[in-house]
Amino acid sequence: MRAMPISSEHPLLLRIVDDLAEHGWSQQNIFLPAGLTGELAAECRQREAEGELAPAAVGRGPFSEIREGIRGDHIQWIDPGQAEATDRYLSLMDSLREALNRGLFLGLEDFECHFALYPPGAFYRKHVDRFRDDDRRMVSAVIYLNEAWLPEDGGQLRMYLKDGRVHDVQPTGGCLVVFLSGEVPHEVLPANRERLSLTGWFRRRGNEPF
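In this text, all values refer to a predicted model and were calculated from it rather than measured experimentally.

**Considering the side chain of Arg137**
If you trace the backbone, Arg137 turns up in strand E6 (residues 137–144). You can call Arg137 buried: its relative accessible area is 12%. Of the polar contacts made by the side chain of Arg137, one reaches the side chain of Glu112; its length is 3.1 Å. Sequence-distant contacts of Arg137, that is, excluding residues within four places in its chain, are made with Trp77, Glu112, Asp129, Arg130, Phe131, Ser181, Trp201, Phe202 and Arg203.

Here it is, written out as structure tokens:
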């Protein structure tokens with residue numbers, strides 16, 4: 001895929017929509033070109049070197065807390081206009097949002113995402129991405145930024161599927177995984193080397209009163 005705005009009717013995006021409709025998840029091993037993947041990885045490492053990534057918490061709002069026994073990644077949220085590489089990625093995700101809305105009528109309004117860096121030994125215990133008291137997250141999307149990842153490097157995304165199967169995803173650079181946020185329990189297995197990703201969520205309007 002070219003690293004520039006694309007039509008929401010691009011065949012690759014339509015394949016993701018079809019996968020979500022049929023299975024509830026989609027894995028595209030070659031979603032980003034190597035150039036953009038490398039630029040995003042460099043951006044993540046630069047932010048880590050400058051102290052901008054912080055240990056991630058579990059929970060949200062006043063109930064959030066850092067619990068390294070549950071998750072050990074360091075994160076920083078992404079905003080438009082911060083860097084050319086992240087803006088190009090956000091543009092691609094907006095095209096995917098439009099495709100999801102057209103194909104699945106999800107009413108997705110926005111996309112939020114953060115860099116996630118797992119130091120060696122870090123992991124994230126089994127969980128789902130939708131909060132109990134907030135139903136806005138509808139579709140999760142994770143793009144991996146790791147060069148030459150090997151199975152012995154660990155750090156696989158393990159998804160627990162509805163049919164009882166377990167599916168592991170190697171966090172290889174350029175690979176995109178998309179799944180329904182409230183329906184696919186998953187975990188990140190311990191990584192044996194530094195593991196980089198951009199993790200995000202397509203959100204609909206919440207059910208809170210105006």
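Next comes the rest of the write-up.
**Concerning the environment of Phe115**
With respect to the element layout, Phe115 can be found in strand E4 (residues 108–118). Judged by its relative accessible area of 0%, Phe115 is buried. Along the backbone, Phe115 and Asp73 are 42 residues apart, and their C-alpha atoms lie at a distance of 9.5 Å. What Phe115 contacts, discounting residues up to four positions off in sequence, is Leu40, Glu43, Cys44, Arg47, His74, Ile75, Gln76, Ile78, Thr86, Leu145, Ser197 and Leu198.

**Considerations on the sheet that holds strand E2 (residues 54–55)**
Within a beta sheet, neighbouring strands are joined by backbone hydrogen bonds and run either parallel or antiparallel to one another. In spatial order, the strands read E1-E9-E6-E11-E4-E3-E2; together these 7 strands make up an open sheet with antiparallel pairing. The open sheet has two edge strands with one neighbour each: strand E1 (25–28) and E2. As paired elements, strand E3 (residues 74–77) and E4 share 4 bridges and run antiparallel to each other. Following the sheet pairing, Gln76 is matched in E4 by Phe115. Strand contacts of helix H2 (residues 34–49): E3, E4, E6 and strand E11 (195–204), with the helix running at about 65° to E4, the strand carrying the most contacts. Helix-sheet contacts for helix H3 (residues 84–104) involve E4, E6, strand E9 (176–180) and E11, and the interaxial angle to E4 is about 135°.

Reading the values: rules and limits
Residues numbered from 1 in each chain as written. Predicted model: local features only at pLDDT ≥ 70, side-chain atom pairs only at ≥ 80, totals over all residues. Heavy atoms only, no water. Helix = DSSP H or I, 4+ residues; strand = E, 2+ residues; numbered from the N terminus. Buried < 20%, exposed > 50% of the residue type's maximum accessible area, 1.4 Å probe, protein only. Polar contact = N/O pair within 3.5 Å; in protein donor to acceptor, adjacent residues only side chain to side chain. Contact = heavy atoms within 4.5 Å. Pairing = 2+ DSSP bridges. Axes fitted to C-alpha atoms, helices over the stretch in contact; angles between N-to-C directions.

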